[in-house]
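# Descriptive analysis of the structure
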Amino acid sequence: MTWGGFSLLLVAVYAVQTGVLALVPLPGFDAFLVLAIVCALRMPRHDARLAGWIIGLVQDLASSDALGIHALTLGLTAVALTWFRERANTELWWVRIATAFLAAILPQYLYLIHLHYWSGRGQASPVELLAQAALTAILAAVAAAAILALPRLSWRRRRRSARI
């Protein structure tokens, strides 16, 4: 993915997250996290890590949270996922979901701790926060795996239709 394509995709995700998902809320779904996971699985290692941080910075600018918390969490997610992908076969769909989930859950938990305890936006138990982080991480991991599987599915469909 080129940086120009990444920029256009980031603008589209920004529009979806702040426009569409603001009107039709999906609890636990984070389009910025999905994009960070997709970039971390497909871009070269250093580009993916930089893209994760940039995505988080854009999410910071779109939210009323403290500046830098999303840049930190999505950057950590990208770092962890690029580390995992060098050690596991992320071409398998279930490995892709598992590594994305593992890379995303702790940074999302950190974000929720920040949101609830340091920013004072409600009081939830650590177990409830961990469950919310797990929900966000699994939704993003499954969505990213589905997005990355789409080109392969269309290629297989074209190959089958060519045989007929």
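Residues numbered from 1 in each chain as written. Predicted model: local features only at pLDDT ≥ 70, side-chain atom pairs only at ≥ 80, totals over all residues. Heavy atoms only, no water.

## Comments concerning helix H1 (residues 3-23)
A rise of 1.5 Å per residue sets the reference length of H1, with its 21 residues, at 30 Å; its end C-alpha atoms lie 29 Å apart and thus fit the reference within 8%. Of all the bends found along H1, the most pronounced is centred on Val16 and spans about 30°. Along H1, the residues that are buried comprise Phe6, Leu10, Val13, Gln17 and Leu21. Close packing links the buried residues of H1 with helix H2 (31-42) and helix H3 (45-62). (Helix = DSSP H or I, 4+ residues; strand = E, 2+ residues; numbered from the N terminus. Expected span 1.5 Å × (residues − 1). Bend = angle between axes of the 7 residues up to and from the residue. Buried < 20%, exposed > 50% of the residue type's maximum accessible area, 1.4 Å probe, protein only. Contact = heavy atoms within 4.5 Å.)

## A short note on the packing of aromatic side chains
Within the structure shown, the criterion is met by 2 aromatic pairs. When the ring of Trp3 is compared with that of Phe6, the centres are 5.3 Å apart and the planes differ by 85°; the resulting orientation is edge-to-face. Linking Trp3 with Phe6, this pair stays in helix H1, spanning 3 residues, or about one helical turn. Judged by relative accessible area, which is 33%, Trp3 ranks as partly exposed. Note on Phe6: relative accessible area 2%, which makes it buried. (Phe/Tyr/Trp six-rings, centres within 6.5 Å; stacked < 30°, edge-to-face > 60°.)

## Here's the deal with the pattern of salt bridges
Opposite charge on two side chains makes pairing possible when the charged atoms of those side chains draw close. A complete count under the given rule lists 4 salt bridges for this structure. For Glu91, the salt bridge is made with Arg42, and the minimal N-O distance between the two is 3.7 Å. Placement of Glu91 in the loop between helix H4 (69-85) and helix H5 (93-118) and of Arg42 in helix H2 is noted, with a sequence separation of 49 residues between them. Residue classification places Arg42 among the partly exposed residues on the basis of a relative accessible area of 40%. For Arg96, the salt bridge identified is with Glu91, shortest N-O distance 4.0 Å. Taking the relative accessible area as the measure of exposure, Arg96 reaches 3% and is therefore buried. A relative accessible area of 39% means that Glu91 is categorised as partly exposed. One network of salt bridges, in which partners are shared, links Arg42, Glu91 and Arg96. (Salt bridge = Lys/Arg side-chain N within 4 Å of Asp/Glu carboxyl O.)

## A closer look at H3
For H3, spanning 18 residues, the distance from its first C-alpha to its last is 26 Å, which sits close to the expected 26 Å at 1.5 Å a residue. Buried positions along H3 lie against H1, H2 and H4.

## So, a nonpolar patch on the surface
On the surface, a nonpolar cluster with roughly 280 Å² of combined accessible area is contributed by Leu135, Ile138, Leu139 and Val142. Considering the arrangement of structural elements, one finds Val142 in helix H6 (residues 126-163). Taking relative accessible area as the criterion, Val142 reaches 42% and is therefore assigned partly exposed. (Patch = residues over 30% accessible without salt bridge, like charges linked within 9 Å, V, L, I, M, F, W, Y side chains within 5 Å. Areas by Shrake-Rupley, 256 points an atom, 1.4 Å probe, with all protein chains shown as cover.)

So, to be careful, I would describe these as geometric facts and stop short of saying anything about function.
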